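Working through the structure, step by step
The residues making up each chain are set out below.
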Amino acid sequence: MNHIKTARMVEEIHARFPLSPEVYKALLKVDRELFVPSGLRHLAFMLDALPMSENQWISSPLTVAKMSEYLEPKGADSVLEIGCGSGYQAVVLSHLFRRVFSIERIERLLLEARGRLKTSQISNVNTKLDDGQKGWAQYAPYDRILFSASIPSIPQAIADQLEEEGILIAPIEEGNAQVIKRFEKYRGQLKETKILERCVFVPIKSGIA
């Protein structure tokens, strides 16, 4: 692991978006180079999203840091991620939550992510090949839920799997734009509590590929 480049990257993120000690430490523990296609590894520590296989993208480390902060992980035990992708966000979450559950609909990406999890010696991330819009009812409810892909609205199946007073963070499609929104669950109902910022995420798709 390239500790010096990772430390510089995290400090650059912190300068742009102040991090909690928990998220700062979690980012320091993950080698982003491992999650980037070999031909782009010279760009691994830049604060940019990068293309990967299957016309997908590995999120900017700045975006991963923000989403991790928006989840307010302190004191929470479990998190469900919709859209495993490269696995980078899931591994960052593994240092913030005791249990991480991550769903990916593209089999090739999931197999690659599982290989990276093994290389990283991460044992508290559970992965599944499925349509993420169904969630993962077997281990519900979750204290936190994170969408790593944009969606027009939150499916009821996902809302049902969030713990009471839990937090859900998702990039929501509004017209031609996307905004990251924060939701909380009260008395069984999902309530939008905050619009956090504009964003650009790959849109969620149905089924398995």
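Just above, that's the structure.
Report on the accompanying structure. As the structure is a prediction and not an experimental result, all values here were calculated from the model.

1. A closer look at helix H5 (residues 107-119)
- Taking 1.5 Å of rise per residue, 13 residues should cover 18 Å, and H5 covers 19 Å from first to last C-alpha, within 8% of that figure.
- Taken residue by residue, H5 has Leu109, Leu110, Ala113, Arg116 and Leu117 as its buried positions. End-on view of H5: buried residues confined to an arc of 120°, all on one side of the axis. Opposite the packed face of H5, turned more than 90 degrees from it, sit the exposed residues Leu111, Lys118 and Thr119.
- Where H5 is buried, its residues contact strand S1 (50-52), strand S2 (56-58), helix H4 (88-94), strand S4 (99-104) and strand S5 (125-129).
- Among the residues trailing H5, Gln121 stands out with phi positive, at a value near 55°.

2. Digging into the packing of aromatic side chains
- Tallied over the entire structure, the rule returns six aromatic pairs.
- Judged by centre distance (4.8 Å) and plane angle (25°), the ring pair of Phe101 and Tyr139 falls under stacked. Taken together, the residues Phe101 in strand S4 and Tyr139 in the loop between S5 and strand S6 (142-147) connect sequence positions 38 residues apart.
- The partly exposed category is assigned to Tyr139, whose relative accessible area is 33%.

3. Some words on the nonpolar core
- Core analysis: the largest hydrophobic core is formed by 44 residues, its most contacted members being Leu27 and Tyr88.
- Every element with two or more residues in this core is listed here: helix H1 (3-16), helix H2 (21-28), S1, helix H3 (61-70), H4, H5 and strand S7 (162-174).
- Once you skip the residues sitting within four places of it in the chain, Leu27 turns out to touch Thr6, Val10, Ile13, Leu19, Ala65, Tyr88 and Val92.
- Core analysis: the second largest hydrophobic core is formed by 18 residues, Ile145, Ile151, Ile158 and Leu168 among them.

4. Some details on the packing of H1 against H3
- Direction vectors running N to C along H1 and H3 enclose 60°, while the axes themselves pass 10 Å from each other. One element, H1, and the other, H3, form an angle in the oblique class. Of the two possible hands of crossing, H1 and H3 adopt the one that is right-handed. Residues Met9, Ile13 and Arg16 of H1 lie in contact with H3, whose contacting residues are Pro61, Leu62 and Ala65.
- For the contact of H1 with H3, the class distribution of residues is five nonpolar, no polar and one charged.

5. Points about the pattern of salt bridges
- Under the criterion given, the structure shown has 13 salt bridges.
- A salt bridge links Arg98 to Asp77; the nearest nitrogen and oxygen atoms lie 2.7 Å apart. A residue pair is termed long-range when its members are at least 10 positions apart, and Arg98 in the loop between H4 and S4 and Asp77 in the loop between H3 and strand S3 (78-82) qualify at 21 residues.
- We classify Arg98 as exposed; its relative accessible area is 56%.
- For Asp77, a relative accessible area of 23% puts it in the partly exposed group.
- Note that Asp130 and Lys134 form a salt bridge whose closest N and O atoms lie 3.8 Å from each other.
- Through salt bridges with shared partners, a single network forms among Glu72, Arg182 and Glu184.

6. Quick word on the pairing of S7
- Here S6 runs beside S7; their pairing, made up of four bridges, is parallel. Residue Tyr142 lies in a different strand from S7, and its bridge partner there is Leu162.
- Linkage of S7 to strand S8 (residues 177-186), two consecutive antiparallel strands, is achieved through a turn of two residues, within which Gly175 is found at a positive phi near 65°.

7. Quick notes on the sheet that holds S6
- Taken in spatial order, the seven strands make up an open sheet running S5-S4-S3-S6-S7-S8-S9, and their pairing is mixed. Every interior strand has two partners, whereas the edge strands, S5 and strand S9 (189-198), have only one. Between one strand axis and the next, the sheet turns through 20° on average, direction left out of account.
- The strands that H5 touches are S4 and S5; relative to S5, the one it contacts most, it runs at about 165°.

Cut-offs applied
- Sequence order as written defines residue numbering, which begins from 1 separately in each chain.
- Only residues with pLDDT of at least 70 get local features here, since the model is predicted, and only at 80 or more are side-chain atom pairs given and counted; chain-wide, interface and lining totals rely on the full set of residues.
- Calculated side-chain values reflect all of the structure's heavy atoms, with hydrogen atoms and water omitted.
- Segments assigned H or I by DSSP are reported as helices when at least four residues long, segments assigned E as strands when at least two residues long, and all are numbered from the N terminus.
- Any helix carries an expected span of 1.5 Å times its number of residues minus one.
- Residue exposure (1.4 Å probe, protein chains only): buried if accessible area is under 20% of the type maximum, exposed if over 50%, otherwise partly exposed.
- What the arc measures is the spread of directions leading from the helix axis to the C-beta atoms.
- Two residues qualify as a contact provided that any one of their heavy atoms is within 4.5 Å of a heavy atom in the partner residue.
- Each Phe, Tyr or Trp ring (for Trp, its six-membered ring) is paired with any other whose centre lies within 6.5 Å, and the angle between the two planes then decides the class: stacked below 30 degrees, edge-to-face above 60, tilted in between.
- By convention a nonpolar core is built from buried Ala, Val, Leu, Ile, Met, Phe, Trp, Tyr and Cys residues, the set being connected through side-chain atoms within 4.5 Å.
- Every angle, taken between N-to-C directions, lies between 0 and 180 degrees, and every axis is a line fitted to C-alpha atoms, over only the stretch in contact when it is a helix.
- Here the word oblique covers every angle except those under 35 degrees (roughly parallel), over 145 (roughly antiparallel) and from 65 to 115 (roughly perpendicular).
- Helix crossings fall into two classes, left-handed where the near helix is turned counterclockwise from the far one by less than a right angle and right-handed where it is turned clockwise.
- Throughout this entry, Asp, Glu, Lys and Arg are counted as charged residues, while Ala, Val, Leu, Ile, Met, Phe, Trp, Tyr, Cys and Pro are counted as nonpolar. The remaining residues, Gly among them, count as polar.
- The salt bridge criterion pairs a side-chain nitrogen of Lys or Arg with a carboxyl oxygen of Asp or Glu, the two atoms within 4 Å.
- Only strands that DSSP links by at least two bridges are regarded as paired with each other.

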